[in-house]
Every structure is written in C-alpha cells, then in structure tokens.
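These are the residues of each chain, in order.
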Amino acid sequence: MELIKRKRQKLKLKFIILLIFVLLGGSIVFKDFVSSQSYTGSESETQERLKSDNQEASPTILIDPGHGGEDPGSIGFSEILEKDLTLETSKILFEKLKEAGVDVKLTREDDRYVSLDERVDLVETYNADALISIHFDSFPDDRSVGGFTTFYQHKFQKGLGKSINNSLNQSLTLRDRGLKSGDLKVIREIDIPGVLLELGYISNPQEESLIHSEEFKQDVSTAIFNGIMSYLNKR
Ligand SMILES: [Zn+2]
C-alpha cells in the first residue's frame, strides 16, 4: 500500500516537472514568435517611412493629353486630329519620366472625353506637384502661321514654363513664339506649377507633317522632359 502511494507520488512529481518544462519551452517559443512578429512590424514601418520619403523626393507629374473622345481638338491640314497627336506625344513623355524614376500620371490613357473640370480634379486625386498639358495649335485662316508657345497662368507657374520653353527652344527647329501668360482653365484652376504647351501648328502643312513624324514626337518629348527635370533640380 505504502509502496504504491510512493510510486504514485514519484509519478506525480515527474509529471509536474515535465509540465514545467513544457510550459517553459512553450513560453520561449511563444516569446520568439511574438518578437519576430513585432520585428516584421517595425521593418514594414521603416519601409513605409522610406516610401513616403521617396515620394517627397520624387514629385508626381501629371501629364494632360489635350482633348479626346468626342472632342477632337484642332483638325490638321491633312485632317490629322489634335487629340491623337496629344495622346501619342504624352505617352512618349510619360515613358521618359517613368524611366527616370519620376512618379508620373496621365489625365487620359486612351481616346476618351475628359472634361476640363475632371482634369483639374485629377490634380488633387493624384496629389500632383506639376501639370503638363499637351496641345497643338491651329490657324486655318493663314496656313503659314507656325511655332510653339508655352502658357502659364499664375506667377508660381512661370518658373516651370520658362524651363520648358528654354528647352523646347534649344531642341526644336520650330519658331519660338515665347512664354506667355494665358487664361486657360486647366492651368488657371490649379494651385501647383502647371503649363499648357502648344507644340506647333497642325493647320500649317509643313509643321503638320513634322509634328506627325516619330522623330519630332521623340525630340519634343525629350525637350519637355529636360525642361521638367532641370526645373525640379533647381527647386
Ligand atoms: Zn488643344
């Protein structure tokens, strides 16, 4: 009887010791799990911070291909549509900025109608730091009229305009019609640097065929790109 009791007590003791070990081991594993969890947490927080730092370093550029959809814009001498040229040129500029690591957005990516109000609203939606509106001019009454013009509206937009206009002047063979203050809704109703570029006259037969060429689209996009970058570097 006594012997059995002792054996039972021994067994009980062994069980308790085992239980302590299991609990201790378990708590160590649990602690490791918790600390690895919190480590992952702080790591992702750091990444998040870096991301926002990068976003501050790389401003968002919103490119606005003029017209689209039911609004063809100007119609060229050989009936090329302004809305197609603005989209093609904007997409090339988009790629150049993207390749340079700039955060870049478009107000339209295909042939669709986007109202001026919607274009202005997109500045806020994307929290854009600068807007570049791409257009081509037309003056059918006198088909000899040609050249490019850079429009800004507010004083705080002039620096960007100057930088892009200088770059266009250096790269293009077209006549430089200058940097002008124009009353244009898409740049008037925004509170960030923004310009509207009229990149030649499609009513002028020579300019229309030049503007339509792949070489011009590349050259003009590179010139705008350089103008944007030199403006951003000077800020
Ligand atoms: Zn236009």
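For the structure itself, consult the block above.
What you see is a predicted model, and the numbers here were worked out from it, not measured in a lab. Residue numbering note: each chain is counted from 1, following its sequence as written. With the structure being a predicted model, the display of local features is reserved for residues of pLDDT at least 70 and the display and counting of side-chain atom pairs for 80 or more, all residues being used for whole-chain, interface and lining totals.

> Account for the environment of L122, naming residues and giving values.
Residue placement: L122 occurs in helix α3 (residues 116-125). Through-space distance from the C-alpha of L122 to that of K105 is 9.4 Å; in sequence the pair is 17 residues apart. Each residue is represented by a C-beta atom placed from its backbone, and any two residues with such atoms within 7 Å are regarded as in contact. In contact with L122, other than residues within four places in its own chain, are L62 and T107. A helix here means a DSSP run of H or I that spans at least four residues, while a strand means a run of E at least two residues long, and both kinds are numbered starting from the N terminus.

> With reference to specific residues and values, describe the nonpolar core.
For this entry, the nonpolar core is defined as buried Ala, Val, Leu, Ile, Met, Phe, Trp, Tyr and Cys residues connected by C-beta atoms within 7 Å. In this scheme the burial state of a residue depends on its C-beta neighbours within 10 Å: 20 or more other such atoms mean buried, 12 or fewer mean exposed, and anything in between means partly exposed; the C-beta positions come from the backbone. Judged by nonpolar contacts, the single largest core of 39 residues is most densely connected at I61, I132, V195 and I224. For this core, the secondary structure elements donating two or more residues are β1 (60-65), α2 (82-99), β3 (130-137), β4 (148-152), α4 (158-171), α5 (185-188), β6 (194-201) and α7 (214-234). Per element, the largest residue contribution to this core is seven residues, and it comes from α7. The residues touching I61, leaving out its near neighbours within four places in the chain, are L97, V102, V104, A128, D129, A130, I132 and I228.

> So, the packing of α2 against α7: which residues are in play, and what are the values?
Axes here refer to lines fitted to C-alpha atoms; in helices the fit is confined to the stretch in contact. Angles between the N-to-C directions go from 0 to 180 degrees. It is the contact of α2 with α7, at a shortest axis distance of 9 Å, that shows an interaxial angle of 50°. As the angle between them shows, α2 and α7 are arranged oblique. The handedness of the crossing between α2 and α7 is right-handed. Residue-level contacts link E88, T89, I92, L93, K96 and L97 of α2 to K217, Q218, V220, S221, T222, I224 and F225 of α7. Its residues assigned to classes, the contact of α2 with α7 shows six nonpolar, four polar and three charged. Roughly parallel means an angle under 35 degrees; roughly antiparallel, over 145; roughly perpendicular, 65 to 115; everything else is oblique. By the definition used in this description, the sense in which the near helix is turned from the far one sets the handedness, with an anticlockwise turn below a right angle giving left-handed and a clockwise turn giving right-handed. Under the grouping applied here, Gly and all other residues not named as nonpolar or charged are polar, the nonpolar ones being Ala, Val, Leu, Ile, Met, Phe, Trp, Tyr, Cys and Pro and the charged ones Asp, Glu, Lys and Arg.

> Describe the sheet that holds strand β5 (residues 176-181), naming the residues involved and giving the relevant values.
Two strands qualify as a pair provided DSSP detects at least 2 bridges between them. Judged by pairing direction, the sheet is mixed, and its six strands sit side by side in the order β2-β1-β3-β6-β4-β5 without closing on themselves. At either margin of the open sheet sits one strand with a lone partner, and together these are β2 (103-106) and β5. With direction set aside, neighbouring strand axes in the sheet form an average angle of 20°. Examined bridge by bridge, β1 and β3 share five bridges and lie parallel to one another. When the sheet's bridge partners are listed, I61 is paired in β3 with A130.

> Tell me what's going on with the environment of S221, and back it up with residues and numbers.
Tracing the backbone shows S221 in helix α7. With 23 C-beta atoms packed within 10 Å, S221 lands in the buried category. The sequence separation of S221 and L93 amounts to 128 residues, and the corresponding C-alpha distance is 4.9 Å. Once residues lying within four places of it in the same chain are set aside, the contact partners of S221 are T89, I92, L93 and K96.

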